[in-house]
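# Structural description and commentary
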Amino acid sequence: MPLTKLDTISALVVIDLQKGIVGLPTVHPAGEIVGRSARLARAFRDRGLPVVLVNVAGPAPGRTDAGMPKFSFPPDWTELVPELEQQPGDHLVTKQRWGAFLGTDLDDYLRRRGATQVVLAGVATSIGVESTARSAYDLGYNVTLVVDAMTDRDAGAHSHSVEKIFPRLGETASAGEVLKWLQEASGSVSGQP
């Protein structure tokens with residue numbers, strides 16, 4: 001279902017657009033995903049809405065069939081990409097899990113700000129974004145998934161998340177649609193454009 005509303009206090013949550021991840025091969029060009037996410041971040045900041053930038057510093061401690069990554073992480077691996085233009089008012093969440101809520105202060109931060117909706121972008125669609133969307137939905141937030149501002153390393157996984165999982169967790173939209181809602185709201189974010 002397309003985006004029907006932006007709540008008065010909607011928060012943008014950008015997942016794992018950091019140097020060590022953006023440099024990996026993805027289904028859609030990472031530069032396009034970063035560019036759309038950066039435009040969304042500027043628009044949310046311009047309206048005084050919360051912007052949360054998430055990075056991942058390591059894996060969860062459990063054993064998996066896939067095992068631990070077989071490469072060493074460069075020193076700047078966790079640094080956010082400069083195109084996001086991180087601002088002092090942005091909230092930074094560093095996670096050790098797939099999702100941005102478990103083991104972090106994200107829910108507390110959003111509740112203190114009065115946010116009732118999260119708008120999600122980033123990588124990977126089927127891992128960090130989907131895990132964060134599931135938690136947001138379970139915690140009672142309205143969830144908007146900006147499908148052209150996210151990508152994955154696997155085309156099938158990306159499609160499965162977008163087509164099968166996301167419609168059950170929230171509303172999907174393009175970056176352009178979200179930007180239009182923000183622009184046409186003229187100070188009141190709720191309502192139709």
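Look a little higher up for the structure.
The structure presented is a predicted model; accordingly, all values stated were derived computationally and were not measured. (Residues numbered from 1 in each chain as written. Predicted model: local features only at pLDDT ≥ 70, side-chain atom pairs only at ≥ 80, totals over all residues. Heavy atoms only, no water.)

### Considerations on the overall build of the protein
To keep it simple, the criterion reads: Runs of H or I in DSSP of at least four residues are treated as helices and runs of E of at least two as strands, each being numbered from the N terminus. Every radius of gyration here is taken over C-alpha atoms, with the globule rule written as 2.2 Å times N^0.38, N being the number of residues. Any two residues having at least one pair of non-hydrogen atoms within 4.5 Å are treated as being in contact. Only the protein chains shown count as covering a residue, and every accessible area follows the Shrake-Rupley method with a 1.4 Å probe. His residues and chain termini do not enter the charge count, which takes Lys and Arg as positive and Asp and Glu as negative. A charge is said to be at NZ when it belongs to Lys, at CZ for Arg, at CG for Asp and at CD for Glu.
Helix and strand counts for the protein stand at six helices and six strands. Starting at the N terminus and walking to the C terminus, you meet the elements of the protein as β-α-α-β-β-α-β-α-β-α-β-α. For a compact globule of 193 residues, the expected C-alpha radius of gyration is about 16 Å, and the protein comes in at 16 Å, within 12% of that figure. C-alpha extents for the protein along the principal axes are approximately 50 × 35 × 30 Å. Within the protein, contacts between residues at least 6 apart in sequence are counted, and of these 81% link residues at least 24 apart. A total of about 9,500 Å² of accessible surface is found on the protein, and carbon and sulfur atoms cover 52% of it. Averaging the locations of the 19 positively and 22 negatively charged side chains of the protein gives two centres separated by 2 Å.

### A look at the nonpolar core
Stated precisely, the cut-off is as follows: Put simply, buried Ala, Val, Leu, Ile, Met, Phe, Trp, Tyr and Cys residues joined by side-chain atoms within 4.5 Å make one nonpolar core. When accessible area is computed with a 1.4 Å probe and restricted to protein chains, residues below 20% of their type maximum are described as buried, those above 50% as exposed, and intermediate ones as partly exposed.
Ranked by size, the top nonpolar core spans 32 residues in total, and within it Leu17, Phe44, Leu84 and Val178 carry the most contacts. For this core, the secondary structure elements donating two or more residues are β1 (10–15), α2 (30–46), β2 (51–56), β4 (117–123), β5 (142–151) and α6 (175–184). Ranked by residues supplied to this core, first place goes to α2 with seven residues. Ignoring anything within four residues of it in the chain, the contact list for Leu17 reads Val22, Ile33, Val34, Ser37, Val54, Leu80, Val81, Leu84, Gly122 and Val123.

### Concerning the sheet that holds β2
Think of a sheet as strands paired side by side through backbone hydrogen bonds, with each pair either parallel or antiparallel. Our working rule: A strand pair is defined by DSSP finding two or more bridges across the two strands. Interaxial angles span 0 to 180 degrees and are taken between N-to-C directions of axes, which are lines fitted to C-alpha atoms, for helices over the stretch in contact.
One open sheet accounts for six strands, arranged β3-β2-β1-β4-β5-β6; its pairing is parallel. Either end of the sheet is taken by a strand with one partner, and the two such strands are β3 (91–95) and β6 (171–173). On average, each strand axis in the sheet is tilted by 25 degrees relative to the strand beside it, whichever way the strands run. In terms of strand pairing, β4 meets β5 through six bridges, oriented parallel. For Val119, the partnering residue across the bridge sits in β5 and is Thr144. The sheet strands contacting helix α5 (residues 155–169) are β5 and β6, and the helix crosses β5 at an angle near 165 degrees.

### As for the pairing of β4
How we decide: Here a crossover is taken to be right-handed if, once the strands point away from the viewer, the path from the first strand over the helix to the second is traced clockwise.
Of all seven residues in β4, seven are buried; the element is thus mostly enclosed. Burial of β4 is two-sided: the residues Gln117, Val119, Ala121 and Val123 facing one way and the residues Val118, Leu120 and Gly122 facing the other way are all buried. Direction of pairing for β1 relative to β4: parallel, over a ladder of six bridges. Paired with Leu12 across the two strands is Val119, which belongs to β4. This β-α-β element, β4 to helix α4 (residues 125–138) to β5, shows right-handed connectivity.

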